[in-house]
Amino acid sequence: MQAFVTRRIPREGLAALSQAGVCSIQQWDSDEPIPRSELLAGVAGKHGLLCLLSDRIDKEVLDAAGSNLKIISTLSVGVDHLALEEIKKRGIRVGYTPDILTDATAELSVALLLATCRRLPESVEEVKNGGWTTWKPLWMCGYGLSDSTVGIIGLGRIGQAVARRLKPFGVKKFLYTGSRPKPESAVEFQADFVPLAKLAEESDFVVVTCSLTPDTKGMCNKDFFSRMKKTSVLINTSRGAVVNQEDLYQALVSGQIAAAGLDVTTPEPLPTDHPLLSLKNCVILPHIGSATYATRSAMSVLSANNLLAGLKGENMPSELQL
Amino acid sequence: MRTLGRLRRLKTTLVPEFHGWCKLQASHAAGKQLPRIYVTRRIPPDGMKILSQSGLCNIEQWDSDEPVPRSELLEKVAGIRGLYCLLTEKIDAEVLDAAGPSLQVVSTMSVGYDHVSLEELKKRGIRLGYTPDVLTEAVAELTVALLLATSRRLLEAVDEAKNGGWGTWKPLWMCGYGLTDSTVGILGLGRIGAAVTARLKPFGVKRFLYADTVPRPDMAAKIPAEFVPLDELARHSDFIVVCCALTPETQGICGNSLFSLMKDTAIFINTSRGGVVNQEDLYQALVNGQIAAAGLDVTEPEPLPTDHPLFKLKNCVILPHIASATVATRNAMAALAASNLLAGLQGKAMGKEVPL
């Protein structure tokens, strides 16, 4: 059987694939994304595809692959780049990488929250340009987590891991919202399930950790920001499209909210002349949520094992239910 | 309606000030001179209010956001009873001599007092107030913020997003070191050190170690953390966090002898005082790959000159001493320092006093 790998992946993952003796491997062996034409050519006739979140696997790619394709394994927990309906129609299985990236992503979400509310990049800029003269009582003051209300949009694996990490910082109250209440998950934090509007109104920190679906697309928009406190901070480490970026820009510039931290944007990368990059109270990271050496290595091994299991028609370690 | 609101707010400020003024007039009428105090900076409103509404002192102040020049300080302290200072003023024999025998209390708006000569105060029977506890949460929070910003390369990544270095998602780009399954070593398990460990715990830290002048069994048991010698802390820690006071014993304690024993994947974080670290040794350790990265909120001197070699390193994050910088915390510090000062003037027990 033949597998196609759309990028250079951590060597532990490639080793797992090549040493299994299950398939031959064709690979776009580069750190840069595979050009569309190369992808369409490369998938032709393959039984398995190992891809990244930057590869749009739509009808065109699936048609180009043909009827051999039985397993798509993505090196991510997000699957919004996969045309799931088309994939399901063709009876193709999907493997993904939840759980093993939860810790690293939750850690980065908290890192981003703290960097934003305590103004780390801003203060580093001030230091560089000579703005640090001496210790001053009210210079560079930020917002602390003590006695705050934190609202989590999407109390899934990552949302819960974020809440767990925020708890000892003295958070007074956790709120959450989503498609439905999750009492088993919420009890650890005594978190209240509230409508989106109420979460906006009452939170000092809004953390977005939901998946991107037709329901969540553009959810954080003008109406949402208009309800938030002037002293509040928005953090998004889910997917860029959950946030309406033009509305966010207006909210930040007009002082409707205090600051925002984004690890995900639309598009990625964000063009360097994008207005959000010019704001002192907006911290933008280049989608590094799961970027620790240990996690990326583990993700590559898991995605390799998902692919191998799919090729052999066996149970996958992490299969997406379609 | 707005006028009514404004009038109400005016009343809230004016009435207590009026009462303070009345007390002042009463003392003058009674022939008593109120003790004079000197405040070395413009301070947050919660502190100023306590001082001005007390009616217990005449206040002179360097009402600026910039530090008081030394010459001005030496002139203005002559004959004062109480001195309210910041960590930027060196309170040594020269200042205390200039103040003269009237000085009975120094109140610093900080928890560190390495800028104050304890020996000289003790000699003269002068009391010292400071501000522990009220800043513990903000400082521990910023310490963890700095640790994460360093280990997960946030500042580097922010730059890449701005300067076009951000391409598409890549598996091994901008990878950092996670806290999961790590060993964290705390140098100085005091209030702030303990608060830092409480915040790091849910990140999946496997083991906490600490080094200190003496074991701290009560603090350590709650975490739990193991008491080890400094070189063992160096050898086994993935993250070292310095939270000790600056004393003659800790001056320069983080130097080549520490860095040479550390793992080359280890992260070094200092939010205590710049003087605890030998900065030349740190620079060498970072450049030679002896340790992976460092995050500093405190340096020697402050501010660190913008051409300092440490600024050139991508794996060194330097913050301008902002650990206690939230509006609520700075106001609480100011209020506590003010209360400490007033208590000292009245010969009463202070909220927080340094035992001399």
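Here the structure is a predicted model, which is why all the values come from computation and not from measurement.

## Notes on the overall build of chain B
Consideration 1: Broken down by element type, chain B carries 13 helices and 12 strands.
Consideration 2: Overall, the C-alpha framework of chain B stretches about 75 × 55 × 40 Å when taken along its three principal axes.
Consideration 3: Counting all 356 residues of chain B, 52% fall into the buried class.
Consideration 4: Intrachain contacts of chain B at a sequence separation of at least 6 include 62% that bridge at least 24 residues.
Consideration 5: With an accessible surface of roughly 15000 Å², chain B has 55% of that area assigned to carbon and sulfur atoms.
Consideration 6: Side chains of chain B give 38 positive and 37 negative charges; the mean places of these two sets differ by 9 Å.

## Here's the deal with the UniProt feature "domain: D-isomer specific 2-hydroxyacid dehydrogenase NAD-binding" (unreviewed entry) in chain B
Consideration 1: As recorded in UniProt, the feature "domain: D-isomer specific 2-hydroxyacid dehydrogenase NAD-binding" (unreviewed entry) lies at residues 144–323 of chain B.
Consideration 2: Secondary structure across residues 144–323 of chain B divides into 30% helix and 15% strand, with the first and last C-alpha atoms of the span separated by 10 Å.

## Description of the pairing of strand β10 (residues 267–270) of chain B
Residues and elements named next belong to chain B.
Consideration 1: Side chains of β10 alternate between two faces, with Ile-267 and Ile-269 and Phe-268 and Asn-270 buried alike.
Consideration 2: As paired elements, β10 and strand β11 (residues 293–296) share 4 bridges and run parallel to each other. Bridging from a neighbouring strand, Ile-267 pairs with Ala-293 of β11.
Consideration 3: The parallel pair β10 and β11 is bridged by helix α12 (residues 279–287), and the resulting crossover is right-handed.

## Observations concerning the domain arrangement of chain A
For an interface, size is often stated in terms of accessible area lost upon the parts coming together.
Consideration 1: Here chain A is described as being made up of domain 1 (2–98 + 293–320) and domain 2 (120–280).
Consideration 2: In this structure, domain 1 of chain A and domain 2 of chain A have C-alpha centres spaced 33 Å apart.

## Some details on the pairing of strand β9 (residues 205–208) of chain A
All names here are of chain A.
Consideration 1: Across the two faces of β9 the burial is the same, with Phe-205 and Val-207 and Val-206 and Val-208 all buried.
Consideration 2: Where strand β6 (residues 149–153) meets β9, 4 bridges bridge the pair, whose relative direction is parallel. Directly across from Val-150, in β9, lies its bridge partner Phe-205.
Consideration 3: Of the strand pairs in this sheet, β9 and strand β10 (residues 233–236) are connected by 4 bridges, and their pairing is parallel. Bridging from a neighbouring strand, Phe-205 pairs with Val-233 of β10.

Reading the values: the criteria
- Residues numbered from 1 in each chain as written.
- Chains lettered and ligands numbered in written order.
- Predicted model: local features only at pLDDT ≥ 70, side-chain atom pairs only at ≥ 80, totals over all residues.
- Heavy atoms only, no water.
- Helix = DSSP H or I, 4+ residues; strand = E, 2+ residues; numbered from the N terminus.
- Buried < 20%, exposed > 50% of the residue type's maximum accessible area, 1.4 Å probe, protein only.
- Contact = heavy atoms within 4.5 Å.
- Areas by Shrake-Rupley, 256 points an atom, 1.4 Å probe, with all protein chains shown as cover.
- Lys, Arg positive; Asp, Glu negative; His and termini not counted.
- Charge placed at Lys NZ, Arg CZ, Asp CG, Glu CD.
- UniProt positions renumbered as here; feature names shortened; annotations may be inferred.
- Pairing = 2+ DSSP bridges.
- Right-handed = clockwise from strand over helix to strand, strands pointing away.
- Domains from an automatic or database assignment.

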